[in-house]
Amino acid sequence: MVLANIPFISTHSYPIYFLQKLLNLKPHPFIQDFQNIERVSIYNLFGESKVVKDNLVLRKWKITERKRNIAGYSCRRAIWMKNDSTKIYAWYTDQWSPSTGPETFNGLPGTILGLATEDGGVVYFAKIIEEKFQNIDEITSDIKIKKFYTEQELKDELIKKSKSNPWMGRVVNYLFDW
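Residues numbered from 1 in each chain as written. Predicted model: local features only at pLDDT ≥ 70, side-chain atom pairs only at ≥ 80, totals over all residues. Heavy atoms only, no water.

Engineer: So what about the side chain of aspartate 54? Which residues, and what values?
Structural biologist: Relative to the helices and strands, aspartate 54 resides in strand 4 (residues 48–55). At a separation of 2.9 Å, a polar atom in the side chain of aspartate 54 contacts the main-chain amide nitrogen of glutamate 151. Setting aside its immediate chain neighbours within four residues, aspartate 54 contacts Glu38, Arg39, Thr150 and Glu151. (Helix = DSSP H or I, 4+ residues; strand = E, 2+ residues; numbered from the N terminus. Polar contact = N/O pair within 3.5 Å; in protein donor to acceptor, adjacent residues only side chain to side chain. Contact = heavy atoms within 4.5 Å.)

Below, the structure is given as structure tokens:
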């Protein structure tokens with residue numbers, strides 16, 4: 001099964017909004033292909049499409065008893081420790097069976113409808129849920145794909161191109177942080 005995960009971002013934190021404006025980013029198609037254990041992201045960077053095709057990111061989640069309602073669905077909270085000081089909170093519903101979520105997030109017993117960092121710097125919450133199954137060819141058919149990158153290859157290329165701008169390396173790292 002391939003689930004097209006078009007971002008359902010309804011709340012933007014300042015850093016994400018700033019990056020989108022700075023790099024002329026729009027919400028990008030993101031596909032999690034569980035059959036082949038891979039993900040595909042299509043970025044529009046500086047007016048050019050860049051396609052990242054890489055392995056799914058696997059995380060170890062701690063499921064808690066805390067619950068809340070998101071977009072009309074009962075959700076349960078899970079926590080992922082990114083590192084010693086950064087917690088990521090995910091709210092998932094078992095009413096939708098695909099183990100998917102925004103961007104690279106998955107691995108819970110249901111669909112992630114809310115995602116936030118502990119400090120509130122990155123926040124995703126679904127407003128409307130629509131089931132839509134597409135294969136990768138349907139989504140990418142109108143995009144001229146010159147090359148597929150792994151996430152690291154695209155990150156390295158962007159950093160190399162931005163060597164003359166000292167703060168651009170940090171922007172690129174932040175873009176691929178999660």
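Engineer: Could you give me a rundown of helix 4 (residues 168–175), with the residues and numbers involved?
Structural biologist: For helix 4, the complete set of buried residues consists of Met168, Gly169, Val171, Val172 and Leu175. Axial view of helix 4: buried residues confined to an arc of 160°, hence all on one face. (Buried < 20%, exposed > 50% of the residue type's maximum accessible area, 1.4 Å probe, protein only. Arc of directions from axis to C-beta.)

Engineer: Please set out the pattern of salt bridges residue by residue, giving values where relevant.
Structural biologist: For the structure on display, the rule yields 7 salt bridges. Here lysine 50 and glutamate 157 are joined by a salt bridge, their closest N and O atoms 3.0 Å apart. In this pair, lysine 50 is assigned in strand 4 and glutamate 157 in helix 3 (residues 151–161), connecting sequence segments 107 residues apart. It is possible to trace a salt-bridge network through shared partners that takes in Glu48, Lys50, Glu157 and Lys161. (Salt bridge = Lys/Arg side-chain N within 4 Å of Asp/Glu carboxyl O.)

Engineer: Any chance you could break down the sheet that holds strand 5 (residues 62–70) for me, citing the residues and the numbers?
Structural biologist: Pairing is antiparallel across the open sheet formed by 5 strands, whose spatial order is 5-6-7-8-9. In the strand order of this sheet, the two ends are held by strand 5 and strand 9 (123–125), each with one partner. When strand polarity is set aside, the average angle formed by the axes of neighbouring strands in this sheet is 30°. Direction of pairing for strand 7 (residues 86–93) relative to strand 8 (residues 111–117): antiparallel, over a ladder of 6 bridges. Looking at the pairing, tryptophan 91 lines up with glycine 114 of strand 8. (Pairing = 2+ DSSP bridges. Axes fitted to C-alpha atoms, helices over the stretch in contact; angles between N-to-C directions.)

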